[in-house]
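Residues per chain are reported as follows:
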Amino acid sequence: MTPQQEISRRRTFAIISHPDAGKTTLTEKLLLYGGALTLAGAVKSRKNQQATTSDFMELEKQRGISVSSTVLQFEYRDCAVNLLDTPGHRDFSEDTYRVLTAVDAAVMVLDAARGIQEQTLKLFQVCRRRGIPIFTFVNKCDRPGKNPVELLDEIEKTLDLPTCPVTWPIGEGTGFHGVYDRLKKQAHWFERTTGGARQAPVTTGALDAPSIRDAMPAATYSRLCEDVELLDMAGTAFDPSAILAGRQTPVYFGSAIHNFGVQLLLDGFLDYAPLPGPRTAGNRIVHPDDAPFSAFIFKIQANMDPRHRDRLAFLRICSGRFTRDMQVTHCQSGKKVRLAFSHQLFGQERETVNEAWPGDVLGVTGLPDFGIGDTLSEDPGIVFDAIPPFAPECFALLHSTDTGSFKRFRAGLDQLLQEKVVQRFTPADGGSVPLLGAVGPLQFDVVAHRLQSEYNASIRLENAPWTVARWVDTRVPRETFDTLFLGGAKLVLDSRERLVLLFASDWNADYFQRENPSIPLYPTPDLLPAAEVVP
């Protein structure tokens, strides 16, 4: 194939949702219908069920939630699909935000009974700022929920985003047995399978086909005909160009647990989702079909598989052709590196890949000194825009409780800091106990679990009282704070030796700013005056 043909085959997307909306279950069923699995797992696995492919960490299996983003790659309908499953819980939203920099589209999963929830709204706003097209899947239609028209209205009002229902539910609650495809004018009447582990048998036909009309109760059929007629008369017209521009979201209804409507979502996504697009690198626009290879690191994780015990950097390819063992420049340091150990990913499974194209996500080992947001390119002049940092909202002191395991403790902590699972701060007045900052307290549980299980380190976490971090303008000298009354605030240094004030609440931070207007404070380090930021 030509490079243009290879690029046109790529579809790279993330699945976003509020916790418990069914995101990981939908991920598993997309893999089932995409042919990547023959038997789907369940989020909370039982003894007679296999675990989900995307939730491979022991902590994920224990709690039944996703705590780390996962890359899953498979071929379907002659498309190379890169699917990124992301954590739904707000405590891991920083990982999700970083993943969203690496995708071209997103599938937003909504609970039919709950509609738009807090975390869904936050993730949608991130997608909107990045111009990422959104496909919507209304899940759990097999349970009592809101009226479909009410859900569409809620999406449009809350997100300020016009909707176009591509499929429509047939029946509701326990009587939900199918969907109507408005574009192809086909009804899909499903049969339930045990545990939803296999593809659901389906009867397909036109609305007036006897096989469809006779399959459902008369009242359900009559209601469906009325709904379809009303949507055709008053509904928003389907507009592929508006979808790509983020001005319309196609809406699909279904039940991921029972496999109803999943394949229609997958097929519709491949038909209308964007191809890999251009990326910004300072004042330069890098297009997928540009000749030099370029990529950026959006995630780092070690010890994904105990059999490997290595450090994997996740690359999103932005331009050019990747070939195994190629030499590129690490643009932040100017170092030449050889990409000899490259992998295609499927959860924690991996296989060597010899060639890849823009839109693909690769796992690369052997890059010990590189960080999230770094650029790898054949052209040293390409440096992709940095991934925005996020301010921590909770803090804890991390103690090593066994001197015999201190080396393992330090090695594990250094690795977690490189992965940006948490941030580390150093008290400005000295102190050897690491002070960690995180978006949510569950991130500390991940730190504790991984230090103990992966590095056999004995640790103790001690919660700290601060909830707000403010970066100090770099033009303010350190000596300013020697005689200044901080009123309970804590002066610390971040990993780049920049001054940070920690406060117990927003009120305390605002009060300090009012009392000390000559000391500018910033909620995140990327807002510091550019010319003053330490390189």
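To start, this report covers the structure provided alongside it. (Residues numbered from 1 in each chain as written. Predicted model: local features only at pLDDT ≥ 70, side-chain atom pairs only at ≥ 80, totals over all residues. Heavy atoms only, no water.)

**So, the sheet that holds strand S29 (residues 490–493)**
Item 1. Strand order in the open sheet formed by eight strands is S27-S24-S26-S25-S29-S30-S28-S31, with antiparallel pairing between adjacent strands. In the strand order of this sheet, the two ends are held by strand S27 (459–464) and strand S31 (521–522), each with one partner.
Item 2. Inspection of the sheet shows strand S28 (residues 468–472) paired to S31 by two bridges, in the antiparallel sense. Residue pairing in the sheet places Trp-471 in a bridge with Tyr-522 of S31.
Item 3. The strands touched by helix H11 (residues 406–418) within the sheet are strand S24 (394–400), strand S25 (423–427), strand S26 (435–438) and S27, with S24 carrying the most contacts at an inclination of about 155°. (Pairing = 2+ DSSP bridges. Helix = DSSP H or I, 4+ residues; strand = E, 2+ residues; numbered from the N terminus. Contact = heavy atoms within 4.5 Å. Axes fitted to C-alpha atoms, helices over the stretch in contact; angles between N-to-C directions.)

**Some remarks on the sheet that holds strand S8 (residues 178–181)**
Strand pairing in a sheet is mediated by backbone hydrogen bonds. Such pairs are either parallel or antiparallel.
Item 1. With respect to topology, four strands assemble into an open sheet ordered S7-S8-S9-S10, the strand pairing being antiparallel. Unpaired on one side and paired on the other, strand S7 (167–170) and strand S10 (202–205) mark the two borders of the sheet. Averaged over all pairs of adjacent strands, the angle between their axes in this sheet comes to 20°, without regard to strand direction.
Item 2. Bridge count between S7 and S8: four bridges; the pairing is antiparallel. Looking across to S8, one finds that Ile-170 is bridged to Gly-178.

**A look at the nonpolar core**
Within soluble globular proteins, side chains that are nonpolar tend to cluster in buried spots.
Item 1. Grouped together as the largest cluster of nonpolar side chains are 55 residues, with contacts concentrated most on Phe-13, Leu-26, Leu-30 and Val-107.
Item 2. In terms of residue count, the dominant contributor to this core is helix H10 (residues 262–272) (six residues).
Item 3. Contact partners of Phe-13, with chain neighbours within four places excluded, come to Leu-30, Val-81, Asn-82, Leu-83, Leu-84, Val-103, Ala-105, Ala-106, Val-107 and Phe-269. (Core = buried A, V, L, I, M, F, W, Y, C linked by side-chain atoms within 4.5 Å. Buried < 20%, exposed > 50% of the residue type's maximum accessible area, 1.4 Å probe, protein only.)

**Some thoughts on unusual backbone geometry**
Item 1. Unusually for a residue other than glycine, Asp-20 sits at a positive phi of about 75°.
Item 2. Here Asp-20 shows up in the loop between strand S1 (10–17) and helix H2 (23–33).
Item 3. According to the relative accessible area criterion, Asp-20 is exposed, its value standing at 57%.
Item 4. Phi at Glu-497 takes a positive value of approximately 65°, unusual for a residue other than glycine.

**A word on the pairing of strand S14 (residues 294–302)**
Item 1. In terms of burial, S14 is a largely internal element, nine of the nine residues being buried.
Item 2. As defined by bridge partners, S14 adjoins strand S23 (residues 375–377) across three bridges and the pair is classed as antiparallel. What sits directly across from Ser-294, in S23, is Ser-377.

**A closer look at the packing of aromatic side chains**
Item 1. As enumerated under the stated definition, the model contains 15 aromatic pairs in all.
Item 2. Taking the centre distance of 5.0 Å and the plane angle of 65° together, the rings of Phe-135 and Phe-269 count as edge-to-face. With Phe-135 in strand S5 (residues 134–139) and Phe-269 in helix H10, the pair connects residues that are 134 residues apart, well separated along the chain.
Item 3. In this structure Phe-135 comes out as buried when scored by relative accessible area, which is 0%.
Item 4. Given a relative accessible area of 2%, Phe-269 falls into the buried group.
Item 5. Among the aromatic side chains, those forming a connected cluster through ring pairs are Phe-13, Phe-135 and Phe-269.
Item 6. The lysine or arginine in question, Lys-299, covers the ring of Phe-314, its NZ or CZ lying 5.9 Å from the ring centre. (Phe/Tyr/Trp six-rings, centres within 6.5 Å; stacked < 30°, edge-to-face > 60°. Lys NZ or Arg CZ within 6 Å of the ring centre and 35° of its normal.)

**Some thoughts on H2**
Item 1. Counting buried positions over the eleven residues of H2 gives eleven, a clear majority of the element.
Item 2. Inspection of H2 places Lys-23, Thr-24, Thr-25, Leu-26, Thr-27, Glu-28, Lys-29, Leu-30, Leu-31, Leu-32 and Tyr-33 among the buried residues, and these make up the whole buried set.
Item 3. Just downstream of H2, Gly-35 is the residue with a positive phi angle, here 85°.

**Remarks on the pairing of S1**
Item 1. Most of S1 is tucked away, with eight of its eight residues classed as buried.
Item 2. In S1, alternate side chains face the same way, and those of Arg-10, Thr-12, Ala-14 and Ile-16 on one face and Arg-11, Phe-13, Ile-15 and Ser-17 on the other are all buried.

**Section: the pattern of salt bridges**
Item 1. A full pass over the atoms with the stated rule returns 24 salt bridges.
Item 2. Note that Glu-6 and Arg-10 form a salt bridge whose closest N and O atoms lie 2.6 Å from each other.
Item 3. For the salt bridge of Arg-478 with Asp-482, the shortest nitrogen-to-oxygen distance reads 2.9 Å.
Item 4. The exposure class of Asp-482 is exposed, given its relative accessible area of 54%.
Item 5. When salt bridges with common partners are traced through the structure, they connect Glu-6, Arg-9, Arg-10, Glu-75, Asp-78 and Asp-360 into a single cluster. (Salt bridge = Lys/Arg side-chain N within 4 Å of Asp/Glu carboxyl O.)

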